[in-house]
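Now for the letters of each chain:
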Amino acid sequence: MDLVLRNPFRVLGLPVTASSREIAKRVSDLEMFAELGKDKTYPHDFPDLGVLDRSMEAIKDAARRIELPEMRVFHSFFWFRDGDTVDELAFECLTNFELLETDGVWTKQFEKHTGIGKVSWRINRGVFSIWMTGDLEDSGTVYFEQALQDIAFASEDLYDEATASIPGASQVSPQRVRDLIADALIEIAVRSCEQVYGPNAIRMTEHCLYFHDQTLEYIAEKITKPLTNAVQDAVDRSKAKRNEGTSIDDLRRKNGLSKVEHIIYELRASLGESDPNFQAVANSFADEVIACAINAINSHKAVPTALVLAEWAAELPSYGQTRKWLLEQRGKIFTWDPDYVSEDDPDEGLADIEADLESDEEEEEIEQPPPPKRIPTGTTTCPRCSKRFEPDEVVEYTDFGVRCPHCSQSIVL
């Protein structure tokens, strides 16, 4: 990982406690060696970890990246530092590329001792674990979650001790450094090939519990903000289409809203149904879906399309007054004039469109014969979870189709 392999302190071969004067001298020395075409090595180079670039450009770039105290402190949490004999033993294993033994040296110490452990153990195992993540394949995920724990303890509970010997650290906001660390960790998860935490790393928040509340809130907002923005953008585009006079074909395709439906459920799984931010975005989305259903009736007299949209809206998460209003509108759509012939299909009589309103407690339930089952004739793919199922796997039917046996999504056939 670049956070480790291209860490400025690794490139310069310096400890994280190096002063500005020591950094300037090391840059001068390395530039001279680079001009002469000679290689220079230092104790913590660990070349087996990956390519170590000490070209003229890399040297200057490394010095620039730790010029400001804020960035110097930030990068110090992603490079090894000298500690005690435990760290020395682990470094010896790392030098011999004995990776399991390296991890085991620190892990055994944490198992022996109660509490958080020494700051050097936490930072050094965290750095090692970040490097071991790779693309988060197989054991890489375990190492990344171990890194989240170690770096959280080091940057939160042990921050003062971790930064006490770093020049300029007293001038830096600790929370700003924690935010930078969070950004770096989120980027690792988001850019991983495997996406084990889902698109946009939304499930990463489940493994960040060792961070304190302020950092946790920052991580959650940083991860969920792009997702809520994507949902709201889709809602805004749908509203613009309706204002301009959206076509019946667009409404049949759910006016572009189905493309972001999965985000609603990802947000619910991550934030929980009681989260006010989730409820706001879920309500906005469901509100626009029912608005499209009303538009299908008012602008196109397209009852079947309106029914599909209304049923979809009722299946979506929604809360409070929005939920009540949505169900009221759904009820009105389901009791649309049965003598009207829809533009959806001029030959289709609507007298047999029956309504199971599942209305508010205030309304009396109307008993009607159940509609005929719509049975899938072949393999069906769920639009929410993307899993496939055969006709004999169906366990529940709805008025307009079936429910996915994997995630219970209502599917119109």
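Residues numbered from 1 in each chain as written. Predicted model: local features only at pLDDT ≥ 70, side-chain atom pairs only at ≥ 80, totals over all residues. Heavy atoms only, no water.

**Student:** Account for the overall build of the protein, naming residues and giving values.
**Tutor:** For the protein, the helix and strand inventory stands at 17 helices and five strands. Across the 413 residues that make up the protein, the buried fraction comes to 48%. Counting contacts in the protein only where the partners sit at least 6 residues apart, residues at least 24 apart contribute 64% of the total. If you sum the accessible surface of the protein, you get close to 21,000 Å²; carbon and sulfur atoms cover 48% of it. (Helix = DSSP H or I, 4+ residues; strand = E, 2+ residues; numbered from the N terminus. Buried < 20%, exposed > 50% of the residue type's maximum accessible area, 1.4 Å probe, protein only. Contact = heavy atoms within 4.5 Å. Areas by Shrake-Rupley, 256 points an atom, 1.4 Å probe, with all protein chains shown as cover.)

**Student:** Please set out the environment of Val281 residue by residue, giving values where relevant.
**Tutor:** Structurally, Val281 is set in helix 15 (residues 276-300). A C-alpha to C-alpha distance of 9.7 Å links Val281 and Val235, two positions 46 residues apart in sequence. Excluding anything up to four places from it in sequence, Val281 contacts Thr228, Val231, Ile264 and Leu267.

**Student:** Any details on unusual backbone geometry? Residues and values, ideally.
**Tutor:** You will see that Phe97, though not glycine, has its phi angle at about 60 degrees, which is positive. Position of Phe97 relative to the elements: it lies in the loop between helix 6 (85-95) and helix 7 (99-112).

**Student:** So what's going on with the nonpolar core? Which residues, and what values?
**Tutor:** Of all hydrophobic cores here, the largest spans 112 residues; its most connected members are Phe77, Phe78, Phe80, Phe144, Leu185, Met204 and Phe285. In terms of residue count, the dominant contributor to this core is helix 15 (eleven residues). If we skip the residues at most four places from it in the chain, Phe77 touches Ile123, Val127, Ala154, Ser155, Tyr159, Ala162, Thr163, Val177 and Ile181. Membership of the second largest hydrophobic core comes to six residues, among which are Phe389, Val402, Cys404 and Ile411. (Core = buried A, V, L, I, M, F, W, Y, C linked by side-chain atoms within 4.5 Å.)

**Student:** Tell me about the layout of surface pockets, residues and numbers included.
**Tutor:** The computed volume of the largest pocket comes to approximately 480 Å³. Contributing to the lining of the largest pocket are 17 residues, with Asp2, Leu3, Glu187, Ile188 and Arg191 lying nearest its centre. Contributions of two or more residues to the lining of the largest pocket are made by helix 1 (2-5), helix 5 (69-76) and helix 11 (174-191). At six residues, the largest contribution of residues to the lining of the largest pocket is made by helix 11. Of the residues belonging to the lining of the largest pocket, the class tally is seven nonpolar, three polar and seven charged. (1 Å grid on protein atoms, 1.4 Å probe; cavity = no way out; pocket = protein on both sides within 12 Å on 5 of 7 lines; lining within 4 Å. Points joined across faces, edges and corners; volume = space filled by probe spheres on them. Nonpolar A, V, L, I, M, F, W, Y, C, P; charged D, E, K, R; others polar.)

**Student:** Which residues make up the environment of Lys259, and what values do they have?
**Tutor:** For Lys259, the location among the structural elements is in the loop between helix 13 (248-252) and helix 14 (261-271). Judged by relative accessible area, Lys259 falls into the exposed class, the value being 69%. When the C-alpha positions of Lys259 and Ala230 are compared, they lie 9.9 Å apart, and in sequence the two are 29 residues distant.

**Student:** Would you mind going over the confidence of the model for the protein in detail, with residue names and values included?
**Tutor:** Mean pLDDT over the protein: 86, with 89% of residues reaching 70 or higher. In this model, residues 338-343 is a region of pLDDT below 50 whose contacts with residues beyond four sequence positions or in other chains number 15 contacts. Note that pLDDT drops below 50 for residues 345-369; the model gives that stretch 30 contacts with residues more than four away or on any other chain. (pLDDT = per-residue confidence, 0-100.)

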